[in-house]
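# Notes for the structure review
Spelled out, the chains give:
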Amino acid sequence: MTTAEQSNLPTPPAAGTSAVTEWTSINQVMEELGARHYVIERSLATAVFLALKLQKPLLLEGEAGVGKTEIAKVLADTMNARLIRLQCYEGLDVNSAVYEWNYARQMLQIRLMEGQGGQDAAKELFGPEFLIKRPLLQALEGTEEKPTVLLIDELDRADEEFEAFLLEVLSDFQVTVPEIGTIKATRPPVVIITSNRTREIHDALKRRCLYHWIDYPSLDKEYRILLAKVPTAPDTLAEEVVSFVQDIRKMELYKLPGVAETLDWATALVALDQRDLEEKTVEDTLGVILKYQEDVEKLKGEKVRALVQKAKQSKKK
């Protein structure tokens, strides 16, 4: 799993905020998410608003660490909703994502029925009480009283076969269990799908979703995110950290740092009592923002010195 995006933990609600029961405008989306320290642009707020109003899944693509996963967490908090997360991976199948039968309980039931002289145990072994509900089925069986936010995270890591299975879920908010029948949501969940675009998502699935690409933030936006998420960071340190990271993203590296790495680095520097960037400390903490040794080696020495000096001379625009 990648580093949690924009924050390692769900953001606590601001004092005095309450659950949203009805979304009436794009501005409301911006205000409610902003109150929970999620810095959102109007274009993304528009996509979120339309997904909520039209009850359509929202597919968010972008590099790791730019805030895709965090949107689902903050939305769930804003709506006082149950957050159900399906983390995708290669080999993910229906048994792990939707349901499977409780074989141990079925075997016990068979023995019990045989002891009682049951003749046809199989007919009674495939009822709802023997069903183990996985994330997708849990989300569809949400209650009318409490909304559900379903996060299908990093869909690009799953196989295309599983992606094809999702078509029924995303089209009609239902799944079919052959032994029981079709289970349809009485209250469709809010569905957020994320992809780091390690492979292309099939057009058939994209057609069922609203789409938005989340890019690396501008210097000003990343500065506001840092101040919101790491309020203990001194202003000078925050400006220099953002400037340094923005310059790194212009380099040819194996893996560019996301916003999550910016926040982790700022938090680490605050823990080291830094009030501004120092060359030695930057070199010692490069492993917080860069995750490959080749990238670390590329920055050490003169490159770090030049980037630190440039960050100190730059001013937030």
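Here the structure is a predicted model, which means the values were calculated and not measured.

Considering all chains together, one arrives at four aromatic pairs under this definition. Aromatic pair Phe162 and Phe165: ring centres 6.4 Å apart, planes at 25 degrees, arrangement stacked. Residue Phe162 and its partner Phe165 are located together in helix α7 (residues 160-172), separated by three residues, close to a single helical turn. For Phe165, a relative accessible area of 25% translates into the label partly exposed. Seen from the ring of Phe130, Arg105 lies directly overhead, with NZ or CZ sitting 5.2 Å from the centre.

Further remarks concern the pattern of salt bridges. Taken as a whole and assessed by the stated rule, the structure comprises 22 salt bridges. Linking Arg249 and Glu222 is a salt bridge whose minimum nitrogen-to-oxygen distance equals 2.8 Å. With Arg249 in the loop between α10 (235-248) and α11 (259-271) and Glu222 in helix α9 (residues 219-229), this residue pair connects regions lying 27 residues apart in the sequence. Across this residue pair, the class does not change: Arg249 and Glu222 are buried.

Okay, the packing of α9 against α10 next. The geometry of a pair of packed helices is captured by two quantities: the angle between their axes and the separation between those axes. Contact geometry for α9 and α10: axes closest at 9 Å, N-to-C directions at 135 degrees. When the interaxial angle is binned, α9 and α10 end up oblique. In this structure, α9 crosses over α10, and the sense of that crossing is right-handed. Along the contact surface, α9 presents Leu219, Glu222, Tyr223, Leu226 and Leu227, while α10 presents Asp235, Ala238, Glu239, Val241, Val242, Ser243, Val245 and Gln246.

What counts as what
- Residues numbered from 1 in each chain as written.
- Predicted model: local features only at pLDDT ≥ 70, side-chain atom pairs only at ≥ 80, totals over all residues.
- Heavy atoms only, no water.
- Phe/Tyr/Trp six-rings, centres within 6.5 Å; stacked < 30°, edge-to-face > 60°.
- Helix = DSSP H or I, 4+ residues; strand = E, 2+ residues; numbered from the N terminus.
- Buried < 20%, exposed > 50% of the residue type's maximum accessible area, 1.4 Å probe, protein only.
- Lys NZ or Arg CZ within 6 Å of the ring centre and 35° of its normal.
- Salt bridge = Lys/Arg side-chain N within 4 Å of Asp/Glu carboxyl O.
- Axes fitted to C-alpha atoms, helices over the stretch in contact; angles between N-to-C directions.
- Parallel < 35°, antiparallel > 145°, perpendicular 65-115°, else oblique.
- Left-handed = near helix turned anticlockwise from the far one by under 90°.
- Contact = heavy atoms within 4.5 Å.

Function cannot be read off these values alone, since they describe shape.
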